[in-house]
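Commentary on secondary and tertiary structure
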Amino acid sequence: MPVYITDYRDIFLNDRPMMDTRAPVEFSKGSFPGVINLPLMNDNERERIGTCYKQQGQQAAIALGQQLVSGDVKDARIQAWTEFAHAHPQGALYCFRGGLRSQIVQQWLKEAAGIDYPRVGGGYKAMRTFLLETVDQAVEQCDFVLLGGMTGSGKTEVLVQLNNGLDLEGHANHRGSSFGKRATGQPTNIDFENRLAVDVLKKRAKGIEQFVLEDESRMVGSCALPLPLYQGMQRFPMVWLEDSMDNRVERILQDYVIDLHAEFVAEYAEQGFALFSERLLSSLSNIHRRLGGERYQRLMTLMEEALAQMARTGQVELFRHWTELLLSEYYDPMYAFQREKKGARIEFVGEQAAVLEYLRERGNRRG
């Protein structure tokens, strides 16, 4: 097995297991799908060594590192690396730039356990650059079409049925609207971009050169779309998905009330309902100014009544009226304006079955 690898495409296409030897504070800012953090130094050690390096130079910093990571601490870390290497013989390790930290981990693994474990040349920084370029190149080289439609029309349902769909909201763990927060948090922006890039890379490796994605704003919750992609979305052609008000209300009721409540209960047990209620009330409060005082108060009263009914009986019937009002008085006028503004780019309009058929034929025609 080579001890130094730089085939980033192979790494991500084949989901090569990797251990990230950077400090936890670095790892928490962003990494790659499925990677495990097994650091050479913890955050405190890294900070002390960094200060020493600035004040006294590299040799003094290395000496301090050998002092801090020694004895039982060193043995425990080598044991963790050894277990990872045995569990993932096709894996690799990396640090920030593929330099000193990953070299030390590689050396200690060889000395203590006799394991020649490869490290990634260029480290995290080079792999991150590769993934950013993957998305940029796709925007330049591939055909994209946006899927638009009123809130609750089932755009995600369409995307997940297409082999060339890019589910931005799925990668961002957010449903995209003011009420789109999930019970579990969002990834960091770096993690979001990396997930999206790996998705694009794998689809292109299968020969896909046309992508369908939902018409989004720059932000999906707290995650920002890569700028070249977002800029491209201002000119990509569109397909508009339609559905009845009744179907849209039922879909929103399922996604934003029933399923969201189940997520909170699964995540927080007996505190689930209280946190679910707090999330809905907070989401409505966030659009207070855009709703206007009178409409906000009316919708807040209805939501409080619906939550009280749900707490008492488990029923969600009162949410139907609340949802229909929110759609007809708030979301639909905004989306109608957006549709008119983007009308020249809309090349097909239809309900779900027709839109799926059109997009599949379009992909085959241009594939």
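The name an unreviewed UniProt entry gives the protein chain is tRNA 2-selenouridine synthase, with Pseudomonas brassicacearum as the organism. Under the UniProt heading Subunit (unreviewed entry), the note attached to the protein chain is "Monomer." Under the UniProt heading Sequence similarities (unreviewed entry), the note attached to the protein chain is "Belongs to the SelU family."

Once that is clear, we can look at the environment of L93. Within the secondary structure layout, L93 lies in strand β4 (residues 92-94). Spatially, the C-alpha atom of L93 lies 4.8 Å from that of M19, the residues being 74 residues apart in sequence. Not counting the four nearest positions on each side in its chain, L93 is found in contact with M19, T21, S102, V105, Q106, L109, Y117, P118, R119 and V120.

Let us look at the nonpolar core. Judged by nonpolar contacts, the single largest core of 42 residues is most densely connected at F12, M18, F32, V120, M127, F144 and L229. Looking at which domains feed residues into this core, each of domain 1 (4-128) and domain 2 (143-366) supplies at least three. Apart from residues lying up to four places away in sequence, M127 is in contact with Y8, I11, F12, M18, F32, Y94 and V120. Of all hydrophobic cores here, the second largest spans 30 residues; its members include L260, L307, V316 and Y331.

This part takes up the pattern of salt bridges. Taken as a whole and judged by the stated rule, the model has 24 salt bridges. Residues R22 and D20 are paired through a salt bridge, measuring 2.7 Å at the closest nitrogen-oxygen approach. The pair formed by R22 and D20 is uniform in burial state, with each residue classed as buried. Between E250 and R320 there is a salt bridge, with its nearest N and O atoms 2.6 Å apart. One end of the pair, E250, is in helix α12 (residues 245-268); the other, R320, is in helix α16 (residues 317-341), and 70 residues separate them in sequence. Of the residues examined, E250 reaches a relative accessible area of 35% and is grouped as partly exposed. By relative accessible area, which is 25% here, R320 ends up partly exposed. Each of E26, R46 and R101 takes part in salt bridges that share partners, so that together they form one network.

Before going further, it helps to spend a moment on the UniProt feature "domain: Rhodanese" (unreviewed entry) in the protein chain. Mapped onto the present numbering, the UniProt feature "domain: Rhodanese" (unreviewed entry) falls at residues 20-136. When the span residues 20-136 is considered, its composition is 65% helix and 7% strand, and the gap between its end C-alpha atoms is 25 Å.

Basis of the calculations
- Residues numbered from 1 in each chain as written.
- Predicted model: local features only at pLDDT ≥ 70, side-chain atom pairs only at ≥ 80, totals over all residues.
- Heavy atoms only, no water.
- UniProt positions renumbered as here; feature names shortened; annotations may be inferred.
- Helix = DSSP H or I, 4+ residues; strand = E, 2+ residues; numbered from the N terminus.
- Contact = heavy atoms within 4.5 Å.
- Core = buried A, V, L, I, M, F, W, Y, C linked by side-chain atoms within 4.5 Å.
- Buried < 20%, exposed > 50% of the residue type's maximum accessible area, 1.4 Å probe, protein only.
- Domains from an automatic or database assignment.
- Salt bridge = Lys/Arg side-chain N within 4 Å of Asp/Glu carboxyl O.

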